[in-house]
Structure formats: structure tokens, C-alpha cells
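Results of the structural survey
What follows is the residue order along each chain.
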Amino acid sequence: MSAKRESIHGQWSNRWIFILAATGSAVGLGNIWKFPYITGENGGGAFVLVYLLCIAAIGIPIMMAEVLLGRRGRQSPINTMKTLAREEGRSGAWSLLGWSGVVAGFLILSYYSVIAGWALAYVLNAGSGAFTDAPAAEIQGIFTALVASPGQLIFWHSLFMLMTMLVVARGVKKGLEVAIRFLMPALLVLLLIMVGYAINSGEFVRGLSFLFTPDFSKISAEGVLIAMGHAFFTLSLGMGAIMIYGSYMPKNASIAKTSIIVALADTGVALLAGMAIFPIVFANSLEPGSGPGLIFQTLPIAFGSMPGGHFFGAVFFILLVLAAWSSAISLIEPAVAWLVENKAWTRVKASVYCGFATWLMGLGTVLSFNEWSAYTLWGKNFFDLLDFLTSNIMLPLGGLFIALFAAWVMKSSSTANELTLAESGMAYTSWRFLVRFVTPVAVIIVFLNAIGVV
Ligand code: PHE
């Protein structure tokens, strides 16, 4: 039955393309923009350690669960959840899990696109030599001026949304496969060059010790919640992006192996970004906890003073845009696929509607950096609230229910079969133990801890 089911949206050519696509979804602004600044805000080493533990104990098992649900259901997450729940004799209301993912993806993309817009603007800045020999204060000024201007932010946000919807409209396979083949390796090479620069910046050891020496007095309960939320965000988990990519995965590929490869690649990129950025922060007496502008205020200093920085700077921001692009596509794909399946819309029509709605929502984030910056709730502006709600609440909750479904609702014979693992073998029993007990309990404890109950 499920073995014969096929996706109406197409299938990846082979398992490498799935790995590239899932890595393209996972590696994005989360690794290069968000990981360094939230690490800086939450005191460094201890935060990084909690984040790494969450990737291993929660992220990888949930990624396997999401891919397996997707590949078994072969539809948009909403319909996949409905079909699989019925197959197991349960209520179709499990499709709500797909719906919450669609909403989370829409909300995340609305601000993701604005930040990706900053990266677009920086391609131009770097390319025009704005950073060459500029002192740190001047580079900070360039960033402050950009976010103070709603007009500029809207322009770049619109451009990025257009790029995203263009690929989504063409279909993930045609649109995406082509782009990602060269993107990931190129990004890796550039990051290595940046780390090479950081090694010579004079403060490499201090940067490393900030990242890797845990000081637990510096991390709060909220910090732990943010670290866990980020594990979901950075691996694209909890909202159906990996589920829908799984639905395009060929039947014979190993889910465990591919998930581990994707998680390792994603973590590697984040750690490299941290190693490139913090030495520069310390060498220039910048503030590690300065917030979302961190990479836009540090890396240009490096580009401004390194030989060939003009060129490397432009290439780096182009790659950052591309990495954000391949993530953005996966944020909206579950919604578009559902419209195509249930409303019989063409991909083009679905992309236009979804893109416009997301663009409109993004204006809130644009304004939260300038006109609305004074409007805050619990000390958070509109953008901060949106980010907190999606990464730290919606994604972990989504992940929790995915784990519960895969481990408690589905029969072990169904999951073992889809994972192509022997039901009594070590690999399967460890996975099942993690998703049955460890993951749900960990997510619940971190939630309760953050609201002060435990
Ligand atoms: N993982 C992406 C990043 O790190 C963001 C993302 C989150 C993409 C959720 C899809 C789903 O940038």
C-alpha cells in the first residue's frame, strides 16, 4: 500500500539529491546569522553545549521521524498526517499537525525574507567596496542606516520573496536541484577562508574558548529553551519542511544515514560560522551579545581589511543569499503542495498567493526595526516575538507531536519497515527509545523549566 504510493509533485532523482535538498533547507540564515548572535546573547559555551545535545538527542531522531512520515504519506504534511492516522485507525484530526506547520512556515518565512534581504543589500555593499579599509564604527553605521530605512528593507524583502516564489512556482525539483548542486560546496570553501582569516586575527583562541568552554552560570532557563528551539529551527524540524522533502525521497534510500549526514553538515556549518565570527568580535572589541546585526557588523570588518576582501565579501553574501533561498523554498512548500493537492490550483497560482501573503506579513518585521521599534511586549519587538513564538514554541511543539505520532500511534512494524531497519536490531530500538521517551520528556521539561515550573 504505502510502498506503491507516489507523490504527485515528483521525486528526487536519487538519494544524494535528497541529502542536498534537505541540507539546503537546513543550512541557511539559522546557521550563519542566527546561531552566532543567539550564542553571543546567551553567554557562549554552555549554550553551544546544550544546543549540540539537543541536535543529537532530539534533532536527529525527530528528523528520522519526519522523513519517514513524509516518505510513507507522499503528500503535503496536512494530507500525509491525515492518511497515516487513518491507516493506523486513528482520527484524521492529526492533520492539525500539518496545519500548525503551514502556519509556522508562513510566519517564519515572513521575517526570514526580510533578513535575507539584508544579505542581498550586503552583496551590493561588499561589491561596491563600501567596507574597504572602513573602521568598525563606520561598518556598524552602514548596518544601522540600512535597518532604519523601511523603503530599502521593503525593496530587498520584495526581491527575495520574488526569487523564492519563482523557484517554488517551477516545482521544487526543477527549480531546486539545479541550484543546490554547487551551492553547498562553495559555501563551505568560503567559510573555511573566513575561518582562516579569523585564525590570523589575533583573538582566535579567545573566540574558540568563548564557543567551547561551558560556563553554566551564564545560561538561563530561557537560554536552554532558545538552544532547543534553535536545534529545531536549524534542522528545519517541527513544521513539515523535512516531511515534505521526505515525501519526494526514493524508497530505497536509508533514512537513518541520510538524517545523520544532514545534521552533521548543518552543525558543521554553524560551528564554522561561529569560529569565523567570534575572533573578529573580540579582536575589534565588539559586543558578542549585540543581537541580530552581529554578522553584518563583524564579517565586513574582515572583508574590509583582507586582501581580495572586495571579491570575497561579495561572494560570501551571494552564498548567504543562496543558502537562505534554498531554506525559504522549503518553508513555503508544504502550503503550496497542499493548495495543489486539495484546491487543484496550479503551482504558479499557489505560489503567487502564498508569496503575496507572506510578503505582506513581512512588513511587520520591516517596521519592527524602525517605525515600530518602540512597540514591545515582554521587552520584545514584533520581530523578536515572531521569532520566539515560532522557533521556541511552535517548532518544538510540532516536533513533540511528530515524535508522539511516530512512536506511540504508528505500529513498530510500520516504522521499522519504512526505516528499513530490523525491528529487533540496535539501531531501531535506540531510535524508538529516543522518540518514545527521551524526546518528548526533554521537550516537556525544557518548556516547564522556561515557564518556571521545574
Ligand atoms: N533551517 C533553516 C535555517 O537554518 C530555517 C528553516 C526552519 C527552514 C524551518 C525550514 C523550516 O536557516
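None of these values were measured; they are calculated from a predicted model.

The rules we used
- What you see as residue numbers is a count from 1 along each chain, following the sequence as written.
- The predicted nature of this model means local features are confined to residues of pLDDT at least 70 and side-chain atom pairs, given and counted, to a pLDDT of 80 or more, with totals for whole chains, interfaces and linings taken over all residues.
- Computation of side-chain values covers all heavy atoms of the structure but excludes hydrogens and water.
- Each helix corresponds to a stretch of at least 4 residues labelled H or I by DSSP, and each strand to a stretch of at least 2 residues labelled E; elements are numbered beginning at the N terminus.
- In this setup the radius of gyration rests on C-alpha atoms only. A globule is expected at 2.2 Å times the number of residues raised to 0.38.
- Each residue is assigned to one of three classes by its accessible area relative to the maximum for its type, calculated with a 1.4 Å probe on protein chains only: buried under 20%, partly exposed between the two thresholds, exposed over 50%.
- Reported accessibility uses the Shrake-Rupley method at a 1.4 Å probe radius. Residues are deemed covered only where the shown protein chains occlude them.
- Asp and Glu count as negative and Lys and Arg as positive, but His and the ends of the chain are not part of the count.
- Throughout, a charge is located at the NZ atom of Lys, the CZ atom of Arg, the CG atom of Asp or the CD atom of Glu.
- Here, a salt bridge means any Lys or Arg side-chain nitrogen found within 4 Å of an Asp or Glu carboxyl oxygen.
- Each residue is tested against the molecule or strand, and it is near if at least one of its non-hydrogen atoms lies within 4 Å.
- Two N or O atoms form a polar contact when they lie within 3.5 Å of each other; inside protein one atom must be a possible hydrogen donor and the other a possible acceptor, and for residues adjacent in sequence the pair counts only when both atoms belong to side chains.
- In this analysis the probe radius is 1.4 Å and the grid spacing 1 Å, with only protein atoms considered; a cavity is a set of points the probe fits into but cannot get out of, a pocket is an open set with protein on both sides within 12 Å along at least five of seven lines, and lining residues have an atom within 4 Å of a point.
- The way we define it, a molecule is inside a pocket or cavity when more than half of its atoms are within 2 Å of that pocket's grid points.
- Think of it as three bins: nonpolar holds Ala, Val, Leu, Ile, Met, Phe, Trp, Tyr, Cys and Pro, charged holds Asp, Glu, Lys and Arg, and polar takes everything else, Gly as well.
- Grid points are joined across faces, edges and corners, and a volume is the space filled by probe spheres set on the points.
- For patch detection, residues must exceed 30% relative accessible area and be free of salt bridges, and they are connected within 9 Å for like charges or within 5 Å for nonpolar side chains (Val, Leu, Ile, Met, Phe, Trp, Tyr).

**Structural notes on the overall build of the protein chain**
Scanning the protein chain from N- to C-terminus turns up 18 helices and zero strands. The C-alpha atoms of the protein chain give 21 Å as radius of gyration, which agrees with the globular expectation for 454 residues (22 Å, within 12%). Structurally, the protein chain occupies a C-alpha span of about 65 × 50 × 40 Å along its principal axes. Sorting the 454 residues of the protein chain into buried and exposed places 60% on the buried side. When the accessible surface of the protein chain is totalled, it reaches about 16,700 Å², and 68% of it is carbon and sulfur. Of the charged side chains in the protein chain, 25 are positive and 20 negative, and the gap between their average positions amounts to 15 Å.

**Observations regarding the pattern of salt bridges**
Any two side chains of opposite charge can pair if their charged atoms end up close together. Tallied over the full model, the rule gives nine salt bridges. For Asp387, the salt bridge goes to Lys34, with nearest N and O atoms at 2.9 Å. Residue Asp387 is found in helix H16 (residues 382-409), and its partner Lys34 is found in helix H2 (residues 29-41); the two are separated by 353 residues along the sequence. Relative accessible area serves as the criterion here: at 3%, Lys34 is assigned to the buried category. Within the structure, one salt-bridge network assembled from shared partners comprises Arg71, Arg72, Lys251 and Glu418.

**A word on the site of the ligand**
In the vicinity of the ligand there are 15 residues, among which Ala26, Gly30, Tyr112, Phe233 and Ser236 approach most closely. A distance of 2.8 Å separates an oxygen atom of the ligand from a polar atom in the backbone of Gly30. Notes on the ligand: free accessible area 330 Å², of which the protein chains cover 100%. A majority-of-atoms criterion places the ligand in the largest cavity. Contributing elements (two or more residues each) for the shell around the ligand: helix H1 (15-26), H2, helix H10 (221-234) and helix H14 (309-343). Here the shell around the ligand is composed, by residue class, of seven nonpolar, eight polar and no charged.

**Overview of the layout of surface pockets**
In this structure, the largest pocket encloses a volume near 280 Å³. When residues in the lining of the largest pocket are grouped by element, the largest group, five residues, is from H16.

**Focus on a nonpolar patch on the surface**
On the surface, Ile444, Leu448, Ile451 and Val453 cluster together into a nonpolar patch covering about 360 Å² of accessible area. Tracing the backbone shows Ile444 in helix H18 (residues 426-450).

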